[in-house]
Each structure stands twice: as structure tokens, then as C-alpha cells.
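Tertiary structure, described
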Amino acid sequence: SKWTTVNQTVRDKKIGVLCLQETHLTTDHQNQIDTLFSRRLRVLSTSDPIRPGNSAGIAFVLNKEITNTADATMRVLIPGRAAVLSLKWHNNETINILNIYAPNNANEHRNFWEKINSEWSRTHAGTIDLMVGDFNITEEPIDRAPARYDHESATEALRELRSALNLQDTWCLENPNQRMFTFSSNHNSLSRLDRIYTSTRHSESMIDWDSHISHIPTDHHMVSVRFAPPGLPHIGKGRWSWPIGIMTDENLIKRIVRLGIETQQTLEEMNVRDNTSNPQKSWSTLKTKITDIAKETLKIHLGKVNQRIRTLTKDLCKITN
């Protein structure tokens, strides 16, 4: 299911907070997610109260292994369209992340952005550190191919909100002449609808900007950034584990079975037990060999996937240039 892929993506990419739009979540779906993935994930969501489960829905997916989820709270500004996640970061500082799923109709944008501003100001809940999501408009012609200006009133309203919240398009400021698209329409046009705005005080703490095809079923690219403020503890790579994708590889399974049979024969023929020849040593060797061939198989699988990505990226560059 899609949420199995979400869980896998959060784990493999070590994502602390994943912001989703168009979630289609109902109460039953939410309960199922909480039951199946409560060990790693905490999901906070809001949907359209008039039509639960329709496309107007957003969610925050928190990785319990990375973030402090116990004190995390969500404040809904516009049901199914805008909500703020507040959580304690590693330095015990509270950060606020505004998740946006803007309307498709540009004529609705001015009221939308003004309502967000008024609702957030009314709560007196501090500053917004990041604003992320699907904005359904672009601010500059360079963010569309073919290049064009978007609805003037909608763009102006978004900029007024950014100014009020003291947010900036940090990726754009760091890459003023570069183009990056996150959505392809049925009319063969490209656009950077999905963006991450950051508070000006965090501009030097944002690294590893990326946009790539997501394993999660969607027609948008996933946009990501690493938030690394000064003073955070170092987080290592963690313990390696088998990716689910190679569990059904028949050749891999046959090789593991063969290694197991060979190890079993070695144990049955073991007459002398010493520091170099004993069941524990044989078992440890077997586990090491299994891990090695699993990693070897994974490289083959990833090689095919990466080749496919390179081909698609090359085709995309031809379209945009």
C-alpha cells in the first residue's frame, strides 16, 4: 500500500518530518495507519470536514526514531488545506512547520493566503520556521516551462504572507539561475509548484536541497532539505538492514539456502571445538556471507533503478532545454 511505501521511505532516507498533501485520509484510514506503523511513525492529519477522504487533505508524518514526537502538536488553520506542526527540536527549541495544499483555482488564492495569515496571527503562536507544500502557483517565470507569469493577485497575496511571516525561498536565492521542476501537466508544461520556504534566521542552516522522483505514488516530485542548526548532535548511519525489495529475489534466496546447507554440513562434521572452530564462529561467518551477497544483490537492483532514473532525467532535460 501507499503507506507501506511511506514508512519505508521515511526509514531509508532518515526523514524526520514528512509533509504530505492530497492524503485522502478518513478516520478509518488514520486508525489503520496508527495500528500498522505506530512503532516508527506518528501521523497528524486534517481533512475536509464536509467531504472526508477527498483530495483536500494534508498530514505530517513524524519519524519517532529521529524526532521528539511526544510533545508534537498540530494547529489547523484551514481544514484539509493548511496546518502548523509544532515540535521540540534537539536543542529543545520549538520549531513550527506550516504545511500547505493551496487551491487549484487561482481566484481563491488571495482569500486563502489572507486567512492563513489572520488565523496564525490570532493564535499568537510565535514564528513560522518552515513553510512547505504544494502551492499550485509559482512566483517567477523561471519556475515554469514554457516560462510565464502566474495569476498576479494570487502571487501578490502569497508574497504578502511570506513578508508577514518573514519567510524566503532559500533554494531560489542560492540558485538564482537554475531551474527545477516538480510537476508535469497533461499539457506538457513543467512547473515548480512544490517548494520549501524558510525563515531568514535559518538560511545558513539549510543544506542538501534535493528534488527527485518519489517512491510514494504521486505525480509530483519530492522536495527535501536538511535542517542542521548549530549545536545538533551527530547522527550516524545506523545499523544496516535488508531492503524489502530484494526479499523475493529468487537467485539471492537460492544462494542463501546453499550457504545454509554448507554451514549445516560443517557443523555436523565438527568434531573438535576450539577458538577457531566452533558453532558460534560458523554462525557468525554465515551471517556475514549472507549480508555480503544481499548487498551485492542490492547493488544490481539499484543499478537498474538508477539507470532508469538517468534515462528519465535525460529525457526531462531535453524537454526543458
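Numbering of residues begins from 1 in every chain and follows the order in which that chain's sequence is written. Totals for whole chains, interfaces and linings use all residues, but because this is a predicted model, local features are given only for residues with pLDDT of at least 70 and pairs of side-chain atoms are given and counted only at 80 or more. Hydrogens and waters are ignored; side-chain quantities use all the structure's heavy atoms.

1. Notes on the UniProt feature "site: Important for catalytic activity" (unreviewed entry) in the protein chain
- UniProt positions are given in the numbering used here, feature names are shortened, and annotations may be inferred rather than shown by experiment. Here, the residues flagged by UniProt with the feature "site: Important for catalytic activity" (unreviewed entry) are D194.
- Examined against the element boundaries, D194 turns out to sit in strand β12 (residues 194–199).
- Working definition: with a 1.4 Å probe on protein chains only, accessible area under 20% of the residue-type maximum means buried, over 50% means exposed, and in between means partly exposed. Assessed through its relative accessible area of 7%, D194 is described here as buried.
- Of note is the side chain of D194, whose polar atom sits 2.6 Å from the side chain of T182. Here a strand is any run of E in DSSP of at least two residues, a helix any run of H or I of at least four, and the numbering for each starts at the N terminus. Any pair of N or O atoms that falls within 3.5 Å is considered a polar contact. Within protein, one atom must be able to donate a hydrogen and the other to accept it, and sequence-neighbouring residues count only if both atoms are side-chain atoms.

2. A word on a nonpolar patch on the surface
- The patch calculation keeps residues exceeding 30% relative accessible area without a salt bridge and links them within 9 Å when they carry like charges or within 5 Å when they are nonpolar (Val, Leu, Ile, Met, Phe, Trp, Tyr). Only the protein chains shown count as covering a residue, and every accessible area follows the Shrake-Rupley method with a 1.4 Å probe. For salt bridges, the criterion is a side-chain nitrogen of Lys or Arg within 4 Å of an Asp or Glu carboxyl oxygen. A contiguous nonpolar patch, built from I253, V257 and I261 and spanning about 250 Å² of accessible area, is present on the exposed surface.
- Relative to the helices and strands, I253 is located in helix α6 (residues 250–268).
- With a relative accessible area of 40%, I253 lands in the partly exposed category.

3. Some details on the side chain of T198
- Among the secondary structure elements, T198 is positioned in strand β12.
- Given the relative accessible area of 0%, T198 is considered buried.
- Of note is the side chain of T198, whose polar atom sits 2.5 Å from the side chain of T170.
- Setting aside its immediate chain neighbours within four residues, T198 contacts D129, L130, N166, L167, Q168, T170, M206 and W209. Any two residues whose heavy atoms approach within 4.5 Å are treated as being in contact.

4. Looking at the pairing of β12
- Of all the six residues making up β12, six are buried; the element is thus mostly covered by neighbouring parts of the structure.
- Any two strands with at least two DSSP-identified bridges between them are counted as paired. Two strands pair when backbone bridges link them, and strand β7 (residues 130–134) and β12 are joined in this way by five bridges, in the antiparallel orientation. Within the sheet, the bridge partner assigned to V132 lies in β12 and is I196.
- Pairing of strand β9 (residues 167–168) with β12 involves two bridges; the strand directions are antiparallel. The partner of Q168 across the bridge, within β12, is T198.

5. Section: the packing of aromatic side chains
- Between 30 and 60 degrees the pair is tilted, below 30 it is stacked and above 60 it is edge-to-face, where a pair is any two Phe, Tyr or Trp rings, Trp via its six-membered ring, whose centres lie within 6.5 Å. For the structure shown, the criterion picks out three aromatic pairs.
- Their ring planes at 75° and their centres at 4.8 Å tell us that F112 and W113 sit as a pair that is edge-to-face. Note on accessibility: F112 and W113 belong to one class, buried.
- Each ring, one from F135 and one from Y197, has its centre 5.1 Å from the other, and the planes form 85°; the classification is edge-to-face. Within this pair, whereas F135 is found in the loop between β7 and β8 (144–145), its partner Y197 is found in strand β12, the two being separated by 62 residues in sequence.
- Residue F135 is classed as buried on the basis of its relative accessible area of 0%.
- Members of the aromatic cluster, each reached through a chain of ring pairs, are F112, W113, F135 and Y197.

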